[in-house]
Amino acid sequence: MQQDNQQFFSTELLDWYGHAKRDLPWRRHRDPYFIWVSEIMLQQTRVDTVIPYFHRFIEKFPTIEALAQAPEDEVLKCWEGLGYYSRARNLQAAAKQVTELHGGAIPDDLNAVSALKGVGPYTRGSIMSIAFNRPVPAVDGNVMRVLSRFFLIEEDIVKVSTRKSMEVLAEALIPEGRASDFNQALMELGALVCTPKSPHCLTCPVMQHCQGRIAGMETQLPVKTKAKKPRPEYRLAALIEGSGAEAGRVLVQQRPQAGLLARMWELPHILAAAENPAGGAGLADEPAMDRLTQALAAEGHYAQPQGLYMEAEHTFSHIHWNLRVYRFRQSPELGALAALGAVAESSAEYELAASEKDAPLKTRWINQADMEQLAFPNVFLKILKQYFDGGIPQ
DNA sequence: AATCCGGGGCC
DNA sequence: GGCCCAGGATT
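Everything numeric here is computed off the predicted structure, so don't read it as measured data. Within each chain, residues carry numbers counting from 1 in the order of the written sequence. All chains are assigned letters beginning at A, and all ligands numbers beginning at 1, according to the order in which they are written. Only residues with pLDDT of at least 70 get local features here, since the model is predicted, and only at 80 or more are side-chain atom pairs given and counted; chain-wide, interface and lining totals rely on the full set of residues. Derived side-chain values reflect all non-hydrogen atoms in the structure, with water molecules and hydrogen atoms excluded from consideration.

Re the overall build of chain A
- Helix and strand definitions here come from DSSP, where helices need a minimum of 4 consecutive H or I residues and strands a minimum of 2 consecutive E residues; each element is numbered from the N-terminal end. Of the regular secondary structure elements, chain A holds 16 helices and 7 strands.
- Across its three principal directions, the C-alpha atoms of chain A cover 85 × 50 × 35 Å.
- A total of 394 residues make up chain A; the buried ones form 50% of that total.
- We get accessible surface area from the Shrake-Rupley algorithm with a probe of 1.4 Å; when it comes to residues, only the shown protein chains can shield them. Of the roughly 19,300 Å² of accessible surface on chain A, a fraction of 50% belongs to carbon and sulfur atoms. In this scheme, a residue with accessible area under 20% of its type's maximum is buried, one over 50% is exposed, and one in between is partly exposed, where area comes from a 1.4 Å probe on protein chains only.

Focus: the protein's contact with DNA strand B
- Here, proximity means that at least one heavy atom of the residue falls within 4 Å of the molecule or strand. DNA strand B sits among 20 residues. The nearest are Q44, Y84, Y85, L261 and H314.
- Here, DNA strand B places atoms within 4 Å of the protein, and 58% of those atoms are sugar or phosphate.
- Residues adjacent in sequence count toward polar contacts only when both atoms are side-chain atoms; beyond that, a polar contact is any pair of N or O atoms within 3.5 Å, and within protein one must be able to donate a hydrogen and the other to accept it. Measuring from a base nitrogen of DNA strand B, one finds a backbone N or O atom of Q44 at 2.9 Å.
- Contacts to DNA strand B include H314, whose side-chain N or O atom sits 2.3 Å from a phosphate oxygen.
- Of the residues belonging to the surface near DNA strand B, the class tally is 7 nonpolar, 11 polar and 2 charged. Residues were grouped as follows: Ala, Val, Leu, Ile, Met, Phe, Trp, Tyr, Cys and Pro as nonpolar; Asp, Glu, Lys and Arg as charged; and all remaining residues, including Gly, as polar.

A short note on empty space enclosed by the protein
- Site definitions follow a grid-based scheme: protein atoms alone, a 1 Å grid, a 1.4 Å probe that fits but cannot get out for cavities, and for pockets an open set with protein on both sides within 12 Å along at least five of seven lines, plus lining residues having an atom within 4 Å of a point. Grid points are joined across faces, edges and corners, and a volume is the space filled by probe spheres set on the points. With the rule as written, the count across this model stands at 2 cavities of 30 Å³ or more.
- A volume near 120 Å³ is recorded for the largest cavity.
- In this structure, the largest cavity is lined by 15 residues; those nearest its centre are R149, C194, C201, C204 and C210.
- Looking at the lining of the largest cavity element by element, the count peaks at 3 residues for helix α9 (residues 141-150).

Digging into the confidence of the model for chain A
- Confidence scores labelled pLDDT are given residue by residue by the predictor and lie between 0 and 100. For chain A, per-residue confidence averages 90 on the pLDDT scale, and residues scoring 70 or more make up 91% of the total.
- Here, two residues are considered to be in contact whenever any of their heavy atoms come within 4.5 Å of each other. Predicted confidence for residues 344-350 stays below pLDDT 50, and this span has 7 contacts to residues more than four positions away or in other chains.

What to know about the packing of aromatic side chains
- Any pair of Phe, Tyr and Trp rings, taking the six-membered ring for Trp, is counted once the centres come within 6.5 Å. Such a pair is stacked with planes under 30 degrees apart, edge-to-face with planes over 60 apart, and tilted for the rest. Evaluation of the coordinates by the stated rule reveals 14 aromatic pairs.
- Between the aromatic rings of F9 and F151, the centroid separation amounts to 5.8 Å while the plane-to-plane angle is 55°, which identifies the pairing as tilted. With a gap of 142 residues between them, F9 in helix α1 (residues 2-20) and F151 in the loop between α9 and α10 (160-173) connect regions that are remote in the sequence. Neither F9 nor F151 differs from the other in exposure class; each is buried.

Structural notes on the protein's contact with DNA strand C
- Lining the immediate surroundings of DNA strand C are 18 residues, of which G118, T123, D140, G141 and R145 lie closest.
- Among all atoms of DNA strand C positioned within 4 Å of the protein, those belonging to sugar or phosphate total 65%.
- With respect to DNA strand C, the backbone of G120 contributes an N or O atom lying 3.0 Å from a phosphate oxygen.
- In this structure, a phosphate oxygen belonging to DNA strand C sits 3.1 Å away from a main-chain N or O atom of Y122.
- At the level of secondary structure, the elements contributing two or more residues to the surface near DNA strand C comprise α8 (121-132) and α9.
- Residues of the surface near DNA strand C, tallied by class, amount to 5 nonpolar, 7 polar and 6 charged.

Some thoughts on the pattern of salt bridges
- Salt bridge, as applied in this entry: a Lys or Arg side-chain nitrogen positioned within 4 Å of an Asp or Glu carboxyl oxygen. The full count for this structure, using the stated rule, is 17 salt bridges.
- Of the charged contacts in the structure, one is a salt bridge between R28 and D23, with a shortest N-O distance of 2.5 Å. Comparing R28 with D23, the two get one shared label, exposed.
- With a closest N to O distance of 3.3 Å, D285 and R324 form a salt bridge.

Observations concerning the nonpolar core
- To define a nonpolar core, start from buried Ala, Val, Leu, Ile, Met, Phe, Trp, Tyr and Cys residues and group those joined through side-chain atoms within 4.5 Å. W36 and F57 are the most contacted members of the largest nonpolar core, which has 104 residues in total.
- When residues in this core are grouped by element, the largest group, 8 residues, is from helix α2 (residues 32-42).
- Domain ranges listed in this record stem from an automatic or a database domain assignment. When residues of this core are assigned to domains, at least three fall in each of domain 1 (2-138 + 174-188) and domain 2 (231-388).
- Ignoring any residue separated from it by four or fewer positions in sequence, one finds W36 in contact with I64, L91, A94, A95, I106, V119 and I127.

So, the UniProt feature "domain: HhH-GPD" (unreviewed entry) in chain A
- Here, the residues flagged by UniProt with the feature "domain: HhH-GPD" (unreviewed entry) are residues 41-192.
- Summarising residues 41-192: 67% helix, 0% strand, and an end-to-end C-alpha distance of 19 Å. UniProt positions are given in the numbering used here, feature names are shortened, and annotations may be inferred rather than shown by experiment.

Re the pairing of strand β6 (residues 319-330)
- With 10 of its 12 residues buried, β6 lies for the most part within the structure.
- Here a strand pair is declared whenever DSSP counts at least two bridges between the two strands. Bridging between strand β1 (residues 231-241) and β6 involves 11 bridges; their strand directions are parallel. Across the sheet, the residue bridging to A238 is Y326, located in β6.
- In terms of strand pairing, strand β5 (residues 303-315) meets β6 through 11 bridges, oriented antiparallel.

Quick look at the domain arrangement of chain A
- Segmentation of chain A into domains returns domain 1 (2-138 + 174-188) and domain 2 (231-388).
- In this structure, domain 1 and domain 2 have C-alpha centres spaced 38 Å apart.
- Taken together, the contacts link 8 residues of domain 1 with 14 residues of domain 2.
- When the area that domain 1 buries against domain 2 is broken down by residue, the three leading residues are K77, E80 and Y85, summing to 49%.
- Between the two partners, domain 1 and domain 2, sit 1 salt bridge.
- Our count for the domain 1 to domain 2 interface comes out at 7 residue pairs in polar contact (both at pLDDT 80 or more).
- By residue number, the principal contributor to the side of domain 1 that touches domain 2 is helix α5 (residues 72-79), which donates 3 residues.
- For the side of domain 1 that touches domain 2, the class distribution of residues is 3 nonpolar, 1 polar and 4 charged. Here the buried area means the combined drop in accessible surface, using a 1.4 Å probe, for two parts upon being joined, counting both sides.

In structure tokens, the structure reads:
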């Protein structure tokens, strides 16, 4: 029974994939390096988003060796806007592993591939199967959705135990010698037909024996506990315009080695309030600029506030930033006064956001051309582009 | 097992 | 403008 169902599923799916598969850049070659890069980019990210990044990345780093030898800044810049930046750093670290341990070629070996930085159970399976046609399951969110529905599995896909049992099932489904096409077919079905909200059952190649559809439960599967909402944070950022030798430039800083947006560049900012709008959204401009001025001075940046420039928001998986950006003018005079002790030392009650753990951050005065060399999270990139385009924020 | 890591698309 | 989607590392 179940055996027949599995046989049907695998055969029909493979047949469907033969004519329905999309023409994707990384499917045009058999180069394991291309497969690997695409699979890392595709983690938590849609195909349409990845395609332009993939082209740029391969053009800039055509081989594993080129990637291994590149300056990390350039790798990060190439990843700018794609998110989850540890993927980029791990990818380059793994390229060095491959260069040093495997002579520059991705090994056709499950354990060796597993040992690469940034490669977990899913990516290990996708590389082994797609690049080397080895019968290793590659279970991602798409695959869990498809299997949940077809086999009417009501286990919570958020649980690790569920993913593991899905891997056992997915491995059993791989037809002899067809691991590469079959695993891709499974994911392709999830992406094109067995979609999250309104699956296209009428055009599905396996709908006749889909247990979820037969039970009328296709839209209730997979069972998945909801993620928590991101916690709000209210932040005050400084857009400091240089004067004198720094005229035409603005001050940016580089974030610490680890943690949120590691080693990305940003405008200096402070946490005004977590969770509490009274200290954030409800804070008037004057006290906000005051706090910011003091926090900047504590880091040796002397500037005078000019007023509110714009507001911005940025959502991470677990934090929602409400950002108010104030315009400042660099003031060497204030710095000179501070050196004479004429300006009170800041109590440093409000530290610059990213300097909470590490040594003083690297800072730079940049113009528009510099901006295009450094990697910024989208929210700061938008603010800077707006500024350098000379635009008045909306 | 729970938390930390971005960003974009859909309604 | 809220809601949904989707792997690996770390602890």
